[in-house]
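# Descriptive structure summary
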Amino acid sequence: MKITSLTENTSFSPEFKHVHGLSFYIEAKNHKILFDMGPDSTFIDNAKKLGIKLENVDTAIISHGHNDHGGALSLFMDINKNAKIYVREDIFGTHLRKDTNGFVNIGLDKSLSSSDRFVFTTDKLKIDDELFIFSSVKGRKHFSKSNGVLYAEKNNEIQLDDFTHEQSLVITEGDKKVLIGGCAHNGIVNIIEKAHELGIKNIHTVISGFHLMIPDENKSEDPALVKAVAKDLIKFGSQYYTCHCTGIESYKVLKEAMGNQVKYISSGMSIDI
Ligand SMILES: [Fe+2]
Ligand SMILES: [Fe+2]
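Residues numbered from 1 in each chain as written. Chains lettered and ligands numbered in written order. Predicted model: local features only at pLDDT ≥ 70, side-chain atom pairs only at ≥ 80, totals over all residues.

## A look at the nonpolar core
Definition in use: For this entry, the nonpolar core is defined as buried Ala, Val, Leu, Ile, Met, Phe, Trp, Tyr and Cys residues connected by C-beta atoms within 7 Å. To sort residues by burial, count the other C-beta atoms lying within 10 Å of each one's C-beta; a count of 20 or more means buried, 12 or fewer means exposed, and anything in between means partly exposed. C-beta atoms are built from the backbone. In this text, helices come from DSSP runs of H or I with a minimum length of four residues, and strands from runs of E with a minimum of two, each type numbered from the N-terminal end. Distance between backbone-placed C-beta atoms decides contact: two residues are in contact if it is within 7 Å.
With 64 residues, the main nonpolar core has F24, L34, F35, I61, I180 and I207 as its most contacted residues. If one sorts the elements of this core by residue count, helix 4 (residues 188-197) sits on top with five residues. Contacts of L34, omitting those with residues within four sequence positions, involve S23, Y25, L54, V57, A60 and F76.

## Some thoughts on the environment of G148
Among the secondary structure elements, G148 is positioned in the loop between strand 10 (131-134) and strand 11 (150-154). Residues G148 and F43 lie 105 residues apart in sequence; the distance between their C-alpha atoms is 29 Å.

## A few points about the sheet that holds strand 6 (residues 95-99)
To be explicit about the condition: Any two strands are treated as partners once DSSP identifies two or more bridges connecting them. Fitted lines through C-alpha atoms give the axes, limited to the stretch in contact for helices. The angle between two N-to-C directions lies from 0 to 180 degrees.
In space, the four strands of this open sheet follow the order 7-6-11-12, with antiparallel pairing throughout. Of all strands in the sheet, those with a lone pairing partner are strand 7 (102-105) and strand 12 (157-160), marking the two edges. Each neighbouring strand pair of the sheet contributes to a mean axis angle of 40°, computed without reference to strand direction. Across four bridges, the pairing between strand 11 and strand 12 is antiparallel.

## So, the pairing of strand 18 (residues 239-243)
As a reminder of what qualifies: Consider the strands pointing away from the viewer: the crossover is right-handed when the path from the first strand over the helix to the second runs clockwise.
For strand 18, the tally of buried residues reaches four of five residues, placing the bulk of the element in the interior. Regarding topology, helix 6 (residues 248-258) serves as the crossover connection from strand 18 to the parallel strand 19 (residues 262-264), and that connection is right-handed.

Below, the structure is given as structure tokens:
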């Protein structure tokens, strides 16, 4: 399969646009997949540059209800009229970030929620032999402090977000399993352990933001916590590609600990697996 980054905080080369957000286009054996769309038209411009036809995507997935991943949803729905769009039930809920001036809305456009194109995913959903989506990650190992500024409305109350709106994708091709995540707010180690619990073992490659920074404040997670994450990732034995909310400083700490087992994926870059 071929995985291409269409939106990321950095560009692979100057011809590609970049913006704070995430979007991956994946050509697997049976499906053309769009995993997240980023916040704006960056994914469309980069797709055009690469000759990727977004109108032919058959499966779209939004990792969670933050606008840096699903803000461009209406743009995608305008271009592509056929793909099913897999989302968690609470993805269109109120999602907020707290900063010094109060709450900032970082959620998706709620007016889109009535479209009949959405498939609301359960805790685990096998689409077919190739695609599997899971969520409900309860583990809190190495939980990033940078989640402490993120809130959601639950039962008419604004509470710290518990990220029930987050989901991950597993693509299986032959004996290779690839796990794709968005921000990994639940923690990349907890997400991988949840996959193991569901019987998804020996994951070949993991591609995801690891949420080890506070994007708007440009503050990195404690290096001791990042090193603890690296230790567990090494133990799992997969190859890792990370980006976006991992943050450059935390990426350097991971790289130092993990060497070639971790790499960075920027806008315009492709990985063949
Ligand atoms: Fe997020
Ligand atoms: Fe994000």
